[in-house]
Structure formats: structure tokens, C-alpha cells
Amino acid sequence: MKLIANDYEPTLLIKIIREWTQLNQTEFGKTLNRSRDSINNIENGRNRMFLNDFIEMCKIHNIKIILEKEKEDK
């Protein structure tokens, strides 16, 4: 599955990735050494995830991050 991250709030991106793994918040948190409450707080916008943690989460769950510069309108 592919999506354009710019179209989503960061909190929703985390939830989408968790749903792709088919893990609940507790199980997903364990893969990242975080509690269910921590994952819940991130998904609900009460806490943020650092970029390096996001990248590590993607590595753990085989999510590819691709950056692409859009063509500028002239």
C-alpha cells in the first residue's frame, strides 16, 4: 500500500502504520519499547514522536520512507 504522507496529520500516520502491522496499541508499543498509553497518546496528539523514533519505527515494521521533490510550477 502507498500513501502520500503530506496528506495526513502526523498522528494519523502513526495509526495507519500501526494498522498496517495489524497490531493493537499494546503489541505495537512493545515492538518500539513503549507502553500502550504512549502509543495512544501519540495517536491522539497528546504526545509527539521524534523523527529519529519515527524512522526507527519504519525500519522495524518494513515501512519505506521516500522523499520526492515536486516539480515547481513555472
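My aim in this report is to walk through the structure given alongside it, one point at a time. All residue numbers here refer to positions counted from 1 along the written sequence of the relevant chain. With the structure being a predicted model, the display of local features is reserved for residues of pLDDT at least 70 and the display and counting of side-chain atom pairs for 80 or more, all residues being used for whole-chain, interface and lining totals. Note that water and hydrogens are dropped before the side-chain values are worked out from all heavy atoms of the structure.

Here the focus is helix 4 (residues 51-60). Listing the buried residues of helix 4 in full gives F54, M57 and C58. Relative to the axis of helix 4, the buried residues are bounded by an arc of 100° and lie together on one face. Away from its buried face by more than 90 degrees, helix 4 exposes N52 and K59. Whether two residues are in contact is decided by their heavy atoms, any of which lying within 4.5 Å being enough. Segments assigned H or I by DSSP are reported as helices when at least four residues long, segments assigned E as strands when at least two residues long, and all are numbered from the N terminus. Looking at the buried residues of helix 4, the elements they touch are helix 1 (10-21) and helix 2 (25-31). Count one or two residues on from helix 4 and you reach N62, which has phi positive near 55°. Only protein chains enter the accessibility calculation, which uses a 1.4 Å probe. A residue is then buried if its area is under 20% of the maximum for its type, exposed if over 50%, and partly exposed in between. Think of it as the arc spanned by the lines of direction from the helix axis to the C-beta atoms.

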